Amino acid sequence: MQKILTALGAAAMLSVSTLSALADYPERPITIVVPFAAGGPTDTVTRLVAESMSKDLGQQVVVENVGGAGGTLGAGRVAQSDPDGYTLLLHHIGMATSATLYRKLAYDTLGAFEYVGLVTEVPMTIVARKDLEPADLKGLVDYAKANKDTVTVANAGIGAASHLCGMLFMTAIGTPLVTVPYKGTGPAMTDLLGGQVDIMCDQTTNTTKQIQGGTIKAYAVTTAKRLDVLPDLPTTDEAGLPGMQVGIWHGIYAPKGTPADVTEKLSKALQVALKDENVVARFAELGTTPSPEADATPAALKAKLESEIARWKPIIEAAGQYAD
Ligand code: MLT
């Protein structure tokens with residue numbers, strides 16, 4: 001009997017200490033891992049949201065860039081972190097496509113994470129170095145087909161949004177091109193601006209200012225309608241490449257086992273951040289909008305990830321591009 005009472009007492013103590021820890025969460029800075037290099041679109045989105053979440057949570061939310069392998073290295077790092085709410089991941093559509101692209105992932109995409117919520121869905125733009133000859137998308141397609149062994153397409157590795165969009169482009173034109181992988185499209189943009197690489201398909205959160213400034217050439221945007229910030233940029237449908245509509249949705253994850261009270265508290269802070277006027281204004285300048293409050297929830301992100309894995313699996317299998 002004594003042993004039972006001792007065990008019950010210990011369990012009670014444990015639950016009291018856990019409850020008090022949850023009540024005081026967060027008691028120290030939180031890290032959000034960005035699975036791509038600094039200066040790219042994922043980094044940009046994360047830093048804006050993290051700064052605002054810090055205000056609501058009363059603790060610093062710091063960003064750590066862990067690039068490589070199309071975002072799967074950073075995702076794997078978070079999957080193996082302590083489920084205490086102090087290490088999070090902000091990743092995009094690549095969380096879904098990598099589940100098919102990588103037949104040997106270091107983590108179980110649907111089993112290694114808890115969900116906080118959706119953040120934003122960002123359009124993509126087909127862009128090129130400023131002095132590339134073609135003046136429009138049709139000309140770019142003809143140029144790419146005629147120079148398929150020399151034209152270079154930058155991406156951030158298999159599993160990146162830029163890889164996915166590049167894969168859709170090559171499938172649409174029926175021509176494989178030479179791809180050049182980077183740890184993120186931040187460094188890839190540096191080479192595009194310098195003329196060291198020819199083409200890239202990247203998110204407006206990384207290309208809008210360059211397009212507006214005329215430092216890169218832009219051919220199309222992957223949305224159904226033109227963007228207010230880039231009114232002269234035709235959609236892929238208008239420009240003659242139907243079937244290339246793609247939006248890069250982003251979500252925040254925590255390691256499996258993170259308590260629901262913690263992910264719920266983080267989701268509430270995310271919802272506040274997505275209504276922050278600075279976040280809304282900066283997102284608008286970069287061609288995107290925050291996810292609605294109902295989507296910045298664990299259930300919405302879980303449903304999105306599951307449906308997107310199913311959606312992209314046959315498309316990736318038809319393209320036949322795998323990482324391993
Ligand atoms: C980045 O943040 O560098 C991009 O999201 C990489 C990519 O997914 O293309």
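Here the residue numbers are simple positions, counted from 1 along each chain's written sequence. Two thresholds apply to this predicted model, a pLDDT of at least 70 for residue-level local features and 80 or more for giving and counting side-chain atom pairs, whereas whole-chain, interface and lining totals are computed over all residues. Only hydrogens and water are removed before side-chain values are computed, so all heavy atoms of the structure are retained for them.

Next up on the list: the overall build of the chain. A helix here means a DSSP run of H or I that spans at least four residues, while a strand means a run of E at least two residues long, and both kinds are numbered starting from the N terminus. The helix and strand tally for the chain stands at 11 helices and 9 strands. Taken over C-alpha atoms, the radius of gyration comes to 21 Å for the chain, in line with the 20 Å a tight globule of 324 residues would show. Residues counted as buried form 54% of the 324 residues belonging to the chain. Pairs at least 24 residues apart make up 78% of the contacts formed inside the chain by residues separated by at least 6 positions. Here the Shrake-Rupley method, with its probe set to 1.4 Å, supplies the accessible areas, and only the displayed protein chains count as covering residues. Summing over all exposed atoms, the chain offers an accessible surface of approximately 13500 Å²; the carbon and sulfur share of this is 56%. Between the centroid of the 26 positive side chains of the chain and the centroid of its 34 negative side chains there is a distance of 3 Å. A radius of gyration in this sense is built from C-alpha atoms; the matching globule rule multiplies 2.2 Å by the number of residues raised to 0.38. Only protein chains enter the area calculation, which uses a 1.4 Å probe; residues under 20% of their type maximum are buried, those over 50% are exposed, and those in between are partly exposed. The criterion used for residue contact is that any of the two residues' heavy atoms lie within 4.5 Å. Neither His nor the chain ends contribute to the count of charged residues, in which Lys and Arg are positive and Asp and Glu negative. The atom standing in for a charge is NZ when the residue is Lys, CZ when it is Arg, CG when it is Asp and CD when it is Glu.

Once that is clear, we can look at the packing of helix α7 (residues 185-194) against helix α8 (residues 204-213). Remark: α7 packs on α8, axes separated minimally by 11 Å, with the N-to-C direction vectors making an angle of 25°. In terms of axis orientation, α7 runs roughly parallel to α8. As α7 runs across α8, the sense of the crossing is right-handed. On α8, the residues touching T185, G186, M189 and L193 of α7 are N206, T207 and Q210. Residue classes follow a fixed rule: Ala, Val, Leu, Ile, Met, Phe, Trp, Tyr, Cys and Pro count as nonpolar, while Asp, Glu, Lys and Arg count as charged, and any other residue, Gly among them, counts as polar. Broken down by class, the residue content of the contact of α7 with α8 amounts to 2 nonpolar, 5 polar and no charged. Axes, fitted as lines to C-alpha atoms, cover a helix only where it is in contact. Angles between the N-to-C directions of the axes lie from 0 to 180 degrees. For classification purposes, an angle smaller than 35 degrees is called roughly parallel, one larger than 145 roughly antiparallel, one from 65 to 115 roughly perpendicular, and anything else oblique. By definition, turning the near helix anticlockwise from the far helix through less than a right angle yields a left-handed crossing, and turning it clockwise yields a right-handed one.

Two rings from Phe, Tyr or Trp (for Trp, the six-membered ring) form a pair when their centres are within 6.5 Å of each other. A pair whose planes differ by under 30 degrees is stacked, one over 60 is edge-to-face, and the rest are tilted. Within this structure, the stated rule accounts for 4 aromatic pairs. Ring plane angle 80° and centroid distance 5.6 Å describe the contact between Y107 and F113, whose orientation is recorded as edge-to-face. Y107 gets classed as buried once you look at its relative accessible area, which sits at 8%. A relative accessible area of 1% means that F113 is categorised as buried. Grouped by ring-pair contacts, the aromatic residues Y107, F113, Y115 and Y253 constitute a single cluster. Between the NZ or CZ atom of R28 and the centre of the ring of Y86, over which it lies, the distance is 3.8 Å. Only lysine NZ and arginine CZ atoms are considered, and such an atom sits over a ring when it is within 6 Å of the ring centre and within 35 degrees of the ring normal.

Our next topic: the domain arrangement of the chain. You'll often see interface size given as the accessible area lost when the parts meet. Per the domain assignment, the segments making up the chain are domain 1 (27-121 + 248-319) and domain 2 (123-239). Bear in mind that the domain bounds are from an automatic or database domain assignment. The gap between the C-alpha centroids of domain 1 and domain 2 is 24 Å. Counting residues at the interface gives 31 residues for domain 1, matched by 27 residues for domain 2. When the two sides are added together, the surface that domain 1 and domain 2 hide from each other amounts to roughly 2000 Å², 67% of it contributed by carbon and sulfur. Broken down residue by residue, the surface that domain 1 buries against domain 2 is led by P41, I248 and L286, which jointly contribute 27%. Throughout this description, the term salt bridge denotes a Lys or Arg side-chain nitrogen within 4 Å of a carboxyl oxygen of Asp or Glu. Here domain 1 is connected to domain 2 by 0 salt bridges. For this analysis, a polar contact is any N or O atom pair within 3.5 Å, provided that within protein one partner can donate a hydrogen and the other can accept it, and provided that sequence-adjacent residues contribute only side-chain to side-chain pairs. Joining domain 1 to domain 2, the criterion identifies 4 residue pairs in polar contact (both at pLDDT 80 or more). Its residues placed into classes, the side of domain 1 that touches domain 2 shows 16 nonpolar, 13 polar and 2 charged. A simple way to read buried area is as the amount of 1.4 Å-probe accessible surface that goes missing from two parts once joined, with both sides added.

So, on to unusual backbone geometry. With an omega dihedral of -5°, the bond running from Y25 to P26 counts as a cis peptide bond. With respect to the element layout, P26 can be found in the loop between α1 (2-24) and β1 (30-34). Of note, A69 is a non-glycine position whose phi angle comes to about 55°, a positive value.

Right, let's get into the site of the ligand. Residue proximity to a molecule or strand is established when one non-hydrogen atom of the residue lies within 4 Å of it. Around the ligand, the neighbouring residues are F36, G40, P41, T42, H92, A156, A160, A161, S162, G184, T185 and Q203. Take A161: an N or O atom from its main chain is 2.8 Å from an oxygen atom of the ligand. Residue T185 places a main-chain N or O atom 2.8 Å away from an oxygen atom belonging to the ligand. Within the complex, 100% of the 260 Å² of free accessible area of the ligand lies under protein. Residue composition of the shell around the ligand, by class: 5 nonpolar, 7 polar and no charged. Formed jointly, the shell around the ligand draws a minimum of three residues from each of two domains, domain 1 (27-121 + 248-319) and domain 2 (123-239).

Moving on to helix α11 (residues 298-319). End to end, α11 covers 31 Å across 22 residues, agreeing with the expected 32 Å (1.5 Å per residue, within 8%). A residue's bend is simply the angle between two axes: one fitted to the seven residues ending at it, one to the seven starting at it. Of all the bends in α11, the greatest reaches close to 30° and is centred on W312; the proline P314 follows between one and four positions later. Of all the residues in α11, the buried ones are P298, A300, L301, L305, E308, I309, W312 and I316. Check the buried side of α11 and you find it contacts α4 (94-101), β4 (113-129), α6 (161-173), β9 (247-255) and α9 (260-273). Remark: G320 follows α11 within two positions and exhibits a positive phi of approximately 70°. In a helix, the anticipated span is given by 1.5 Å times the number of residues less one.

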